[in-house]
Amino acid sequence: MMKNKTSLFLTQKKLLKEAGCEDYEESAKFLFSKAFNIPLDQSYKYQSYQELNERATFFSKMVSRRAVGEPTAQIISSRCFWNNDFYVDKTVLDPRPESELIISIAKVLLFDGMKVLDLGCGSGCIGLSLYQENSNIRLFLADFSKKALNVAKKNALALEAECKLIHTDLFSNIDEKFDLIVANLPYIAKEDFFYLQKEIILYEPHEALYGGVLGLDVIQLFLRTVGQRLNKNGIFVMEFGKDQDTQIKNDLLRFKYRRFDFHKDMDNIKRAVCVKKDT
Ligand SMILES: C[S@@+](CC[C@H](N)C(=O)[O-])C[C@H]1O[C@@H](n2cnc3c(N)ncnc32)[C@H](O)[C@@H]1O
């Protein structure tokens, strides 16, 4: 007997739950919405049997991938971040909601003609979201992963954003100066890395996450040189990990920065710092 879509949905949702998928409800909805090409908030609605036949296999195949741990965003090749859906695949970090804090801090700083660098751009979600806030900025997206830069380029084209892509290890291939630098660099400490969810370890690029023994290797190299790459009165906004704020404050003072504010994310955790260059 042919099942309607609601029962198909419930069966597949149960399958995800039994497979140990923590966000089984949300995953099932996203995959269902993708398979049947209907808006997320209508994912329970009944459609025709014919459509069910055409798309049910597609839905079930995606659920099977999710059941073995593949992240939903990679299965549907999309992650909603700030105001847009970004293309994502296994070569880039799946953008996290807490990184939207950088946009909240930086968007009020933007002005026409401002030179903005997103260093460690991954999918480009931070820089491109800022471009959406003011398309008169001059945007540069930089990463040491060529594959990530390809993803960022794809997203820039989809959003019709003008930007320059730079392949670089931190500032090694960058001679210019900027008015604003935003950076979400790797900051997971060695000890924490092994406690990450299995699906993160298996499906996300380690070089986007791992920040050395204490998690601060890349960030400290960044802090050492970022001032030289900022224009007069330039600003940088940087994300970091839970409980890293004290060490970062010490580093900022060590590198002679005095004008900075720490910002908390939606979980009330200090997650980003906005730093103004002194001269
Ligand atoms: C935590 S991910 C952030 C990606 C993206 N900005 C986001 O918020 O979703 C860190 C990114 O920094 C890049 N990266 C790591 N070390 C780097 C380095 N030394 N120079 C340039 N990019 C680097 C990684 O390839 C990765 O894309």
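Residues numbered from 1 in each chain as written. Predicted model: local features only at pLDDT ≥ 70, side-chain atom pairs only at ≥ 80, totals over all residues.

### Thoughts on the sheet that holds strand β8 (residues 259-264)
For the record, the criterion: Here, a strand pair is defined by DSSP locating no fewer than two bridges between the strands. In DSSP terms, a helix is any run of H or I states spanning at least four residues, a strand is any run of E spanning at least two, and both are numbered starting from the N terminus. Comment: axis = line fitted to C-alpha atoms, over the contacting stretch for helices; angle = value between 0 and 180 degrees taken between N-to-C directions.
Judged by pairing direction, the sheet is mixed, and its seven strands sit side by side in the order β5-β4-β3-β6-β7-β9-β8 without closing on themselves. Looking at the sheet topology across the chains shown, the edges are occupied by β5 (163-167) and β8. Averaged over neighbouring strand pairs, the angle between their axes works out to 15 degrees when direction is ignored. Where β8 meets strand β9 (residues 270-276), six bridges bridge the pair, whose relative direction is antiparallel.

### A short note on the site of the ligand
Note the following rule: The criterion for a residue being near a molecule or strand is a backbone-placed C-beta atom within 6 Å of that molecule or strand. Any residue that is not Ala, Val, Leu, Ile, Met, Phe, Trp, Tyr, Cys, Pro, Asp, Glu, Lys or Arg is counted as polar, Gly included; the first ten are nonpolar and the last four charged.
Near the ligand you find 23 residues, and of these Gly-120, Gly-122, Phe-144, Asn-184 and Ala-208 are the closest. Per-class residue counts for the shell around the ligand are 13 nonpolar, seven polar and three charged.

### Re the domain arrangement of the protein
Put simply, the rule reads: As used throughout, domain bounds are those supplied by an automatic or database domain assignment. What counts as a contact here is a pair of residues whose C-beta atoms, placed from the backbone, lie within 7 Å.
Domains assigned within the protein are domain 1 (5-76) and domain 2 (81-276). The partner domain 2 presents eight residues to the five residues of domain 1 that form the contact. Each residue belonging to the side of domain 1 that touches domain 2 can be placed in one class, and the counts come to two nonpolar, two polar and one charged.

### What to know about the environment of Phe-178
Just so we agree on the cut-off: Exposure classification rests on a simple neighbour count of other C-beta atoms within 10 Å of a residue's own: a residue reaching 20 or more is buried, one at 12 or fewer is exposed, and one in between is partly exposed. C-beta atoms are placed from the backbone.
On the secondary structure map, Phe-178 appears in strand β6 (residues 178-183). By the C-beta count within 10 Å, which is 21 here, Phe-178 ends up buried. When the C-alpha atoms of Phe-178 and Arg-138 are compared, they prove to be 9.4 Å apart, with 40 residues separating the residues in sequence. When sequence neighbours within four positions are dropped, the list of residues in contact with Phe-178 reads Lys-115, Val-116, Leu-117, Arg-229, Leu-230, Asn-231 and Gly-234.

### Observations regarding the environment of Asn-268
Inspection of the secondary structure puts Asn-268 in the loop between β8 and β9. Looking at Asn-268, the number of C-beta atoms within 10 Å reads 7, which means it is exposed. For the pair Asn-268 and Arg-66, spaced 202 residues apart in sequence, the C-alpha separation works out to 30 Å.

### Some details on the pairing of β5
Heads up, the rule is: Every crossover in which the path from the first strand over the helix to the second runs clockwise, viewed with the strands pointing away from the viewer, is termed right-handed.
Pairing of strand β4 (residues 138-143) with β5, which is carried by five bridges, proceeds in the parallel orientation. Residue Leu-141 lies in a different strand from β5, and its bridge partner there is Leu-165. For the crossover that starts at β4, traverses helix α7 (residues 146-158) and ends in the parallel β5, the hand is right-handed.

### Focus: α7
We count it as follows: To estimate the expected span of a helix, subtract one from its residue number and multiply by 1.5 Å. Think of it as the arc spanned by the lines of direction from the helix axis to the C-beta atoms.
Taking 1.5 Å per residue as the helical rise, α7 with its 13 residues ought to reach 18 Å, and the 19 Å between its terminal C-alpha atoms agrees with that figure. Residues of α7 that are buried: Ala-148, Leu-149, Val-151, Ala-152, Asn-155 and Ala-156. Summarising the axial view, the buried residues of α7 lie within an arc of 160 degrees, below the 170-degree limit, and thus occupy one face. Projecting away from the buried face of α7 at angles above 90 degrees are the exposed residues Lys-146 and Leu-157. Downstream of α7 by one or two residues, Glu-160 has phi in the positive range, about 55 degrees.

### Focus on helix α2 (residues 24-36)
Taking 1.5 Å per residue, 13 residues should reach 18 Å; α2 reaches 18 Å between its end C-alpha atoms and fits that length. All of the buried residues along α2 are Tyr-24, Ser-27, Ala-28, Phe-30, Leu-31, Phe-32, Lys-34, Ala-35 and Phe-36. Of the residues trailing α2, Asn-37 is marked for its positive phi of about 55 degrees.

### Overview of the nonpolar core
A general tendency of soluble globular proteins is for nonpolar side chains to be buried together. As a reminder of what qualifies: When buried Ala, Val, Leu, Ile, Met, Phe, Trp, Tyr and Cys residues are joined through C-beta atoms within 7 Å, the set is termed a nonpolar core.
Membership of the largest hydrophobic core comes to 55 residues, with the highest contact counts inside it found for Ile-102, Val-116, Leu-139, Ile-181, Val-182, Phe-236 and Val-237. Each residue touching Val-237, except ones within four places of it in the same chain, is listed here: Ile-102, Ile-105, Ala-106, Val-182, Ala-272 and Cys-274. Counting 14 residues, the second-largest nonpolar core is a separate cluster that includes Leu-8, Cys-21, Phe-32 and Met-62.

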